[in-house]
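Structural description and commentary
Each chain, letter by letter, is given below.
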Amino acid sequence: MSDRVRNYINGKWADSKSTEWQDVVNPATNEILASVPLNGGRDVDAAAKAAQAAFLEWRDTPPGDRIQYLFKLKQALEDNFEDLARVLTMENGKTLADARGELRRGIENVEVACGIPTMMQGQMLENIARGIDEIMIRQPVGVVAAITPFNFPGMIPLWFLPYAIACGNAMIVKPSERVPLTMERFFQVVDTIGLPPGVLSCVNGGKETVDAILEHPLIKGVSFVGSTPVARYVYATAAANGKRVQCQAGAKNHVVILPDADLEMTSRMVADAAFGCSGQRCLAVSVAVTVGDAHEKFREAMVESARALRVGYGLDEGVQMGPVITKQSQDRIEGAIARGISQGATALLDGRNASISGYEAGSFVNPTVLDGLPWSSDLTTTEIFGPVLSLNNVSELDQAIEIINSNPFGNASSIFTSSGIAARQFRNKVNTGNVGVNIGVAAPMAYFPFSGWKDSFLGVLHGQSWDAIDFYTDKKVVVERWPAEWSRSF
Ligand code: NAD
């Protein structure tokens, strides 16, 4: 780590030309870790030009040679795994176990992208008419960029970059300005694998840097993950500038609990899904909807599970939940809890004004459970993004599905039940992109797309796997005739 976060452009570390800088803060201690550039427009230009120059050579490098760098990257990431996890915990606040888990999920994408020589193949049909053949070839798009959020600083860039470069593109990563150190450490690893300069770059910054990416004529595609309002802006601006764009956005995830669910397992898994990473996962459960008489028993078990969680600094042994990302987030989340209570919810567990021994300056909110938040509350359609779980009860499964389907977000939902028919009905009818059955956090593996519907996603192709191949390649169709009369005998 350096005091001033540097960019990685054209295979070298580069000081940013930014005139504005912001502190990177450890959310558990409030200690300043580094300073990050904010307006990196000129840095984007330098990175895009270097990437374009690299692309012209890289696109002709055989896919089988390109993936050799991914094998090296995978090994180098394993060698630096623990250090990367520590940096991630220090700047993001999540526990070391969660940091390790997210890095593992990221590395899985490197592994899957090693299959590009198979995955990137096109199609061919002989004799579409007599003597005429048709071929579909996949070719890389050019220079592409990934704009990523604070909550998974290691994994989310890896949803994109292994596929982008394996397909023959050059990629620029723009990490969240709140957590730039994981990517700085990651690029130290990249620096050791001998990739041709310019194939992979990292440019830091905030909105102005994003705008420079969205407007840069050499950048042909943008992958974005973040909140829904910013996703809408990125989607519209990238499209207006003629770029392909995919935006994974915010969430409000529900879990449905039927009376026949295993309550002990369910409350444990829902507690992890609601409070793990302090509720700052896009797959975090925000609302638990119990059906029929599941409510009473689940409510008690849930409060017990939530109360038992050990909150503290993610680097400390045994800690199960860390701080939220900033003081502003803490204030916003505490404000949402207060609003929920004033609108009629009962706080079964109120996590405001948390004080963690030894970390009094940290941005902590303890697990919070709100019971009976009215469906008319604006919070039912607001992403709180903190450790706050609402409990509600309905009498039928259909009602629970209707509640989920009428919510503007559609990232994820889960059902807990021992009934196969109820699970099947849920899976079939629910309008969310990721669905769990007796699973709290239904996070797709790297070899499936990371889905998301409605206000949780803008675009057609999601991150990871085959969707990534489609996003990072253009299809060229060739119709070919070699008239017999031209043939000479050899
Ligand atoms: P964010 O929208 O604030 O920031 C995301 C990125 O956009 C960052 O790189 C940031 O620098 C940039 N940005 C922020 N404001 C901008 C603006 N006004 N103009 C242009 N660029 C801007 O998101 P965040 O708070 O870092 O991350 C949390 C959000 O991400 C949550 O809403 C969460 O649900 C969502 N998320 C979604 C998924 C998914 O797969 N759907 C995954 C992870 C996180």
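Residues numbered from 1 in each chain as written. Predicted model: local features only at pLDDT ≥ 70, side-chain atom pairs only at ≥ 80, totals over all residues. Heavy atoms only, no water.

1. As for the overall build of the chain
Looking only at helices and strands, the chain has 15 helices and 22 strands in total. Against the globule reference of 23 Å for 490 residues, the chain gives a C-alpha radius of gyration of 24 Å, in line with a compact fold. The principal-axis extent of the C-alpha atoms belonging to the chain is close to 85 × 55 × 40 Å. Burial analysis of the chain (490 residues in total) assigns 58% to the buried set. A separation threshold of at least 6 residues defines the contact pool for the chain, and within that pool the share at least 24 residues apart is 73%. Surface summary for the chain: the accessible area is close to 19700 Å², and the carbon and sulfur share equals 51%. In the chain, which carries 44 positive and 54 negative side-chain charges, the distance between the mean positions of the two groups comes to 5 Å. (Helix = DSSP H or I, 4+ residues; strand = E, 2+ residues; numbered from the N terminus. Rg over C-alpha atoms; globule rule 2.2 N^0.38 Å. Buried < 20%, exposed > 50% of the residue type's maximum accessible area, 1.4 Å probe, protein only. Contact = heavy atoms within 4.5 Å. Areas by Shrake-Rupley, 256 points an atom, 1.4 Å probe, with all protein chains shown as cover. Lys, Arg positive; Asp, Glu negative; His and termini not counted. Charge placed at Lys NZ, Arg CZ, Asp CG, Glu CD.)

2. Concerning the pattern of salt bridges
By the definition in use, this model includes 23 salt bridges. Ionic pairing is found between D455 and R232, a salt bridge with its closest N-O pair at 3.3 Å. Note that D455 is positioned in the loop between β20 (453-454) and β21 (457-458) and R232 in helix α9 (residues 228-240), a separation of 223 residues in sequence. Among the residues examined, D455 registers a relative accessible area of 26% and is labelled partly exposed. Classification of R232 as partly exposed rests on a relative accessible area of 43%. (Salt bridge = Lys/Arg side-chain N within 4 Å of Asp/Glu carboxyl O.)

3. Considering the confidence of the model for the chain
Residues with a pLDDT of 70 or more make up 99% of the chain, whose mean pLDDT is 97. Across the chain, element-level confidence peaks in strand β7 (residues 143-147) with a mean pLDDT of 99 and bottoms out in helix α11 (residues 294-307) with 94. (pLDDT = per-residue confidence, 0-100.)

4. Topic: the packing of aromatic side chains
Tallied over the full model, the rule gives ten aromatic pairs. Between the aromatic rings of F471 and Y472, the centroid separation amounts to 5.2 Å while the plane-to-plane angle is 80°, which identifies the pairing as edge-to-face. Per residue, the accessibility class of F471 equals that of Y472, and both read buried. Taken together, the ring pairs connect Y8, W13, F186 and F187 into an aromatic cluster. One Lys or Arg, K94, reaches over the ring of F152 and ends 3.7 Å from the middle of that ring. Taking the ring centre of F471 as reference, the NZ or CZ of R244 above it sits at 6.0 Å. (Phe/Tyr/Trp six-rings, centres within 6.5 Å; stacked < 30°, edge-to-face > 60°. Lys NZ or Arg CZ within 6 Å of the ring centre and 35° of its normal.)

5. Some thoughts on the environment of A294
Tracing the sequence through the fold places A294 in helix α11. For A294, a relative accessible area of 4% puts it in the buried group. Along the primary structure A294 and I257 are separated by 37 residues, whereas in three dimensions their C-alpha atoms are 6.9 Å apart. Those residues in contact with A294 that lie beyond four places of it in its chain are I257, L258 and P259.

6. Points about the pairing of strand β4 (residues 32-37)
Judged by how many residues are buried, β4 sits mostly within the fold: five of six residues are covered. Here strand β3 (residues 21-25) pairs with β4 via five bridges, running antiparallel. Bridge pairing in β4 links W21 to P37. Where β3 folds back onto β4 in an antiparallel hairpin, the turn is made up of six residues, including N30, whose phi is positive at roughly 70°. (Pairing = 2+ DSSP bridges.)

7. Describing the side chain of N411
Structurally, the position occupied by N411 is in the loop between β17 (409-410) and β18 (412-416). Here N411 falls in the buried class, since its relative accessible area comes to 3%.

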